[in-house]
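# Architecture and fold: a report
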Amino acid sequence: MTIRRVALLTAGGFAPCLSTAVGDLIERYTKELPEAEIIGYQHGYHGLLTGNYVVFDDEAREKAQVLTKFGGSPIGNSRVKLTNTQNLVERGLIKSGESALEVAAEQLRKDGVDVLHTIGGDDTNTTAADLAAYLHEHDYELTVVGLPKTIDNDIVPIRQSLGAYSAAEQAAIFAQNIVGEHRVNPRMLIIHEIMGRNCGYLAAQTAVEYRNWWKEQDWVPSAGLMKERWDIHALYLPEMSFDFDVEASRLRQIMDEYGNVNIFLSEGAGVPEIIQEMIEAGEEPERDPFGHVKLDMINPGQWLANKFSQIIGAEKVMVQKSGYFSRSAKSNERDLQLIAEMADKAVASAIAGVSGVIGHDEENNDELSAIAFERIAGHKKFDVRQQWFVDLMDEIGQPWSPKFDEE
């Protein structure tokens, strides 16, 4: 198949990989297929439905690597689910009676797109596969090659999604300043709420990054600069269970001895309990177009603070969220290398006419390949059995157990 026009789109929430991935793809196509036009749909599927795109001109091709120095997405994101017809009609993206899948697919045909690169999570990429299947049924061949974007690192069966390394590093930097607030009151409770709706990877990796920094510092106990006060005293993930009374007693002892408690919390931890409490109180939690409960509306960190503060004798409580700080950052060195490797594979797959999501396949010896769309799924649980995580929890000194049986 001759490739005349390549389209890129980024979708879902931000991650510290989008700008880099766009830049890397532009650079590689400029090298491999300089005659092919490259366009970027504005704000993901929003731009595809409305036919809103930008053409990457000679300047964009020449300066593509500049994009790797920035976070966010140069072509924009949005949360648009093509199967949520009511929401799309209400937003004016399709007309009543129209099929969003058909509208988007026909726009791709109208725009003459031969290859579509989607940079997003499982919803973004599997939706693109549905578009390709629709076009195939209507005698138009489209190669779709996705790149796995999510700071939660929760895409099945991909070992490491783009942006997760950088997000953890940035969340740890955020935490250094937040934990520094511990001496603002004689009995201070600090909760660092970290993104991770269904997967605790980001909170766990952030804790490791933070403690690596913590271990490298010099301390002056006689001046009040004590390493114990700057440590992580508890880490809670969706995949973990703990005895609340035992934990409250442990944290009370830490508060009594050092005057502060620092908790790292994955935002998905405790959410089922919060939702249940809301439903029992006659409240219905707000949801986004994908049907996900809006976590910023139920505030898991504040809920946990309310549970612990009185029991451990906190006089002042601070709940801080690092999500938007970390997810809009630029790619760090580990992600730059991973994105470059995946971009190379993505372009090679597109030229070969092979569709799929690029990633190291956990079910196939971590081989980097274009993984078939039907194998892609979201909400991969963080494996708490990994030795690095077990070691982390031993260092923190927190009793815990897995919340579910992992096969």
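### Description of the nonpolar core
With 62 residues, the main nonpolar core has Leu8, Leu147, Tyr210, Leu235, Phe264 and Phe389 as its most contacted residues. For this core, the secondary-structure elements that each account for two or more residues are β1 (5-10), α1 (18-32), β4 (115-120), β5 (143-148), α7 (164-179), α8 (201-215), α15 (333-351) and α16 (387-396). Among the elements that take part in this core, α8 stands out by supplying 8 residues, more than any other. In this view, leucine 8 contacts Val22, Leu25, Ile26, Ile38, Ile39, Gly40, Tyr41, Phe56, Ile75 and His117; residues no more than four positions away in its chain are not counted. Counting residues in hydrophobic clusters, the runner-up holds 34 residues, among them Ile39, Tyr45, Leu142 and Ile155.

### Some remarks on the packing of aromatic side chains
Considering all chains together, one arrives at 14 aromatic pairs under this definition. Seen in terms of ring centroids, tyrosine 236 and phenylalanine 308 are 6.2 Å apart; in terms of plane orientation they differ by 20°. Their pairing is stacked. Here tyrosine 236, found in strand β7 (residues 234-236), pairs with phenylalanine 308, found in helix α13 (residues 300-312); they are 72 residues apart in sequence, far enough to count as distant. Note on tyrosine 236: relative accessible area 3%, which makes it buried. By relative accessible area, phenylalanine 308 is classed as buried at 0%. With 5.4 Å between their ring centres and 80° between their planes, phenylalanine 389 and tryptophan 400 make a pair best called edge-to-face. Of this pair, phenylalanine 389 sits in helix α16 while tryptophan 400 sits in the loop between α16 and β13 (401-402), and the two are 11 residues apart along the sequence. On the basis of relative accessibility, which here comes to 0%, the residue phenylalanine 389 falls in the buried class. Note on tryptophan 400: relative accessible area 24%, which makes it partly exposed. Grouping aromatic residues by their ring pairs yields a cluster made of Tyr201, Phe382, Trp388, Phe389 and Trp400. For the cation-ring pair, arginine 334 lies above tyrosine 165, with the distance from its terminal atom to the ring centre recorded as 3.7 Å.

### With respect to the sheet that holds strand β10 (residues 316-321)
The strand order across the open sheet formed by 4 strands is β7-β9-β6-β10, and the pairing between neighbours is parallel. A single partner strand is all that each edge strand has here, and the edge strands are β7 and β10. Within this sheet the neighbouring strands show an average axis-to-axis angle of 15°, counted without direction. Each of β6 (188-194), β7, β9 (260-266) and β10 touches α13; the most contacted strand, β6, lies at about 160° to it.

### Examining the side chain of serine 309
Its location among the elements puts serine 309 in helix α13. Contacts of serine 309, omitting those with residues within four sequence positions, involve Leu189, Ala314 and Val317.

### Focus on the sheet that holds β5
Taking strand neighbours across the sheet as the criterion, the 7 strands line up as β3-β2-β1-β4-β5-β11-β12 in an open arrangement whose pairing is mixed. Each edge of the open sheet carries a strand with a single partner, namely β3 (53-55) and β12 (367-371). Taking the axes of each pair of neighbouring strands and ignoring which way they run, one obtains an average angle of 25° across the sheet. Judged from the 5 bridges that link them, strand β11 (residues 356-361) and β12 form a sheet pairing that is antiparallel. Counted as the bridge partner of aspartate 361 is glutamate 367 from β12. Running at roughly 155° to β4, α1 makes contact with β1, β2 (37-41), β4 and β5 of the sheet.

Calculation rules
Residues numbered from 1 in each chain as written. Predicted model: local features only at pLDDT ≥ 70, side-chain atom pairs only at ≥ 80, totals over all residues. Heavy atoms only, no water. Core = buried A, V, L, I, M, F, W, Y, C linked by side-chain atoms within 4.5 Å. Buried < 20%, exposed > 50% of the residue type's maximum accessible area, 1.4 Å probe, protein only. Helix = DSSP H or I, 4+ residues; strand = E, 2+ residues; numbered from the N terminus. Contact = heavy atoms within 4.5 Å. Phe/Tyr/Trp six-rings, centres within 6.5 Å; stacked < 30°, edge-to-face > 60°. Lys NZ or Arg CZ within 6 Å of the ring centre and 35° of its normal. Pairing = 2+ DSSP bridges. Axes fitted to C-alpha atoms, helices over the stretch in contact; angles between N-to-C directions.

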